[in-house]
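# Structural features, examined
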Amino acid sequence: MPWPSRKRDKGAVADKKEPDAKIAKTEEETPDKEEEEKSAKPPAGSSKSGWKNWKKTKESDSGGEESKITYCHWLLKSEPESRLEKGVDVKFSIDDLKAQPNQTTFWDGVRNYQARNFLRAMKLGQQAFFYHSNCKEPGIVAIVKIVKEAYPDHTQFDQKDPHYDSSSRKENPKWSMVDVQFVRMTKRFIPLSEIKAHHLAHKADGGPLKNMMLFTRQRLSIQPLTQGKSHSLCEAALARRTWKFR
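Right, let's walk through the structure included here.

How each quantity is defined
- Residues numbered from 1 in each chain as written.
- Predicted model: local features only at pLDDT ≥ 70, side-chain atom pairs only at ≥ 80, totals over all residues.
- Heavy atoms only, no water.
- Helix = DSSP H or I, 4+ residues; strand = E, 2+ residues; numbered from the N terminus.
- Areas by Shrake-Rupley, 256 points an atom, 1.4 Å probe, with all protein chains shown as cover.
- Expected span 1.5 Å × (residues − 1).
- Buried < 20%, exposed > 50% of the residue type's maximum accessible area, 1.4 Å probe, protein only.
- Contact = heavy atoms within 4.5 Å.
- Polar contact = N/O pair within 3.5 Å; in protein donor to acceptor, adjacent residues only side chain to side chain.

As a further point, take the overall build of the protein. Scanning the protein from terminus to terminus reveals 7 helices and 8 strands. Here the protein has roughly 12,800 Å² of accessible surface; of this, 51% comes from carbon and sulfur atoms.

This is how it looks when you write it as structure tokens:
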């Protein structure tokens, strides 16, 4: 059996070598919970039209509108260096994935609502970059694929697991996970510094990497890279010869 909850959970820790990421080390659960509680009922004194607008907003927050967007490629963050969380080492590198039976494992421990919604949007066969984070040299090291779509994350019910959530119920689980399988290593390591250089260049000329969440939402451990089959970020980047990793 794979190790329990060794991937990133509440949101990715800001990468050590990212100068713009001078933020709290983790995305705390509290803001998400407060936001969920505030959105659980419409504002007092709302009119019928106001209630309808609130309902639409709530559906969007819970993934209603988000689920209508088709993402094709993803980025998954994991920590290759040892870090104890409630006495459990959450380290999980690409070598650890390759050592799993059939080079496949479940991607558990996600405890951020937006990251969870992205995870639930993943489709069978889609590919993701495996990104080493919170380490001496963060960057993309490999490509994995989704081999099982979202289903309940069992670690939320395990009191011995560092990502146990006492507020989650088996009849209505809060958290999900997917299964991923190793596809291949990238031809070379793609460091964060290089990705950022392309991101800044694309921000200036409107390229496909201009809104990359690796820099706009640094702490998310699950991030979409592309939306729409005809606008693959990977294909667009290769066409511009910005990344040569295939």
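What follows deals with helix 5 (residues 192-205). Here helix 5 spans 20 Å end to end across 14 residues, near enough to the 20 Å set by a 1.5 Å rise per residue. Of the positions making up helix 5, those classed as buried are L192, E194, I195, K196, H198, H199 and H202. On its buried side, helix 5 packs onto strand 5 (127-132), strand 6 (139-152), strand 7 (176-191) and helix 6 (213-216).

In terms of residue burial, helix 4 (residues 113-120) counts as a mostly covered element, since 6 of its 8 residues are buried. Turning to helix 4, its buried residues number three or more, namely Y113, A115, R116, N117, F118 and L119. The backbone nitrogen of Q114 lies 3.0 Å from a side-chain oxygen of the residue at the head of helix 4, namely N112.

Next up on the list: the environment of Y164. Looking at the secondary structure, you find Y164 in the loop between strand 6 and strand 7. For Y164, a relative accessible area of 33% translates into the label partly exposed. Separated by 55 residues in sequence, Y164 and G109 have C-alpha atoms that sit 8.7 Å apart. Apart from residues no more than four positions distant in its own chain, Y164 is found in contact with T155, Q156, F157, D158 and Q159.

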